[in-house]
Amino acid sequence: MLRLEEVRKDYNHRGKVVRVLDRVTLEIGKGDYVSVVGPSGSGKSTLLLMLGGMLSPSDGQVLVDGESLYELAPDERAVRRRKTIGFVFQMFNLIPYLTALENVQVPLLLAGVDDVRQRETAVELLGRVGLSDRLDHKPSELSIGQQQRVALARMLANDPAVVLADEPTGNLDPETGHHVLEFLGDLHRHGRTVVMVTHDPEAAKRATRSLRLQDGAVIPA
């Protein structure tokens, strides 16, 4: 389902070229649950953003279901991403002036779903994450754990086949983090492909396969 072919990624930092990924070839099959670990600055988030169509490689190809993601026009890539991929971010990226319900409706709005269906779907998803009584609360009125649950509900709005999670428990207390990992595990058990970047060894063990990023290369952890 997801494949990197000879992918290289360079950044320019203070006039110097920093190579984060160096000719990485990697395949993640449909229904896989993969954790990606490695030291800070090793390129874990870079890898995740590339897989999600949000950061182009310096060289090489990123393929989703055999289609080269970065050979698509930007608007075509955005549609492909919206239909196939869901993101879970460490910082949640909720829109502060929208309610929980409205935040979950955003991807549905972008997909052209009618208003009634938007609301029905958002209410259902927020119910799934235990926030039926917080529909009209803005992010500032929610706990950190509740904000993460809104982000999870929003991620599911377009029913993505692939879930990309970047340090999904990084800002959470242990109990809430445990619930998030249980949620990701449930998504995997229902057939979704999950790729999770994490610094937490216990979280990494939840995956069926673990990879380590080090010195620009990907190796089994």
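Report follows, based on the coordinates. Only a predicted model underlies this, so the values are computations on that prediction, with no experimental measurement involved.

1. Regarding the packing of aromatic side chains
For step 1, the next point in the chain: By the definition in use, this model includes 1 aromatic pair.
For step 2, the next point in the chain: Between the aromatic rings of Phe87 and Phe89, the centroid separation amounts to 5.5 Å while the plane-to-plane angle is 5 degrees, which identifies the pairing as stacked.
For step 3, the next point in the chain: The exposure class assigned to Phe87 is buried, which follows from its relative accessible area of 14%.
For step 4, the next point in the chain: Here the guanidinium or amino end of Lys9 rests over the ring plane of Tyr11, the centre of that ring lying 5.4 Å away.

2. Quick notes on the sheet that holds strand β6 (residues 85-88)
For step 1, the next point in the chain: With mixed pairing, the 6 strands of this open sheet are ordered in space as β6-β7-β8-β3-β9-β10. Strands at the two margins of the open sheet, each flanked by one partner only, are β6 and β10 (217-220). Across the sheet, the axes of successive neighbouring strands diverge by a mean angle of 20 degrees, strand direction being ignored.
For step 2, the next point in the chain: Here strand β9 (residues 209-214) runs beside β10; their pairing, made up of 4 bridges, is antiparallel. What sits directly across from Arg212, in β10, is Ile219.

3. With respect to the pattern of salt bridges
Oppositely charged side chains can pair when the atoms bearing their charge come close.
For step 1, the next point in the chain: Going through the model one piece at a time under the given rule, you end up with 15 salt bridges.
For step 2, the next point in the chain: Between Arg19 and Asp22 there is a salt bridge whose closest N-O contact spans 3.8 Å.
For step 3, the next point in the chain: The exposure class of Asp22 is partly exposed, given its relative accessible area of 38%.
For step 4, the next point in the chain: Put simply, Asp59 and Arg23 hold a salt bridge, and the shortest N to O gap is 2.8 Å. Remark: Arg23 occurs in strand β2 (residues 16-28) and Asp59 occurs in strand β4 (residues 59-64); sequence separation between them is 36 residues.
For step 5, the next point in the chain: One connected set of salt bridges, linked through shared partners, spans Arg8, Asp10, Arg19, Asp22, Arg23 and Asp59.

4. Considering unusual backbone geometry
For step 1, the next point in the chain: The backbone phi angle of Glu6 is positive, close to 50 degrees, even though this residue is not glycine.
For step 2, the next point in the chain: Structurally, Glu6 is set in strand β1 (residues 2-13).
For step 3, the next point in the chain: A positive phi angle, close to 50 degrees, is found at Arg14, a residue other than glycine.
For step 4, the next point in the chain: With respect to the helices, strands and loops of the structure, Arg14 is situated in the loop between β1 and β2.

The rules we used
- Residues numbered from 1 in each chain as written.
- Predicted model: local features only at pLDDT ≥ 70, side-chain atom pairs only at ≥ 80, totals over all residues.
- Heavy atoms only, no water.
- Phe/Tyr/Trp six-rings, centres within 6.5 Å; stacked < 30°, edge-to-face > 60°.
- Buried < 20%, exposed > 50% of the residue type's maximum accessible area, 1.4 Å probe, protein only.
- Lys NZ or Arg CZ within 6 Å of the ring centre and 35° of its normal.
- Pairing = 2+ DSSP bridges.
- Helix = DSSP H or I, 4+ residues; strand = E, 2+ residues; numbered from the N terminus.
- Axes fitted to C-alpha atoms, helices over the stretch in contact; angles between N-to-C directions.
- Salt bridge = Lys/Arg side-chain N within 4 Å of Asp/Glu carboxyl O.

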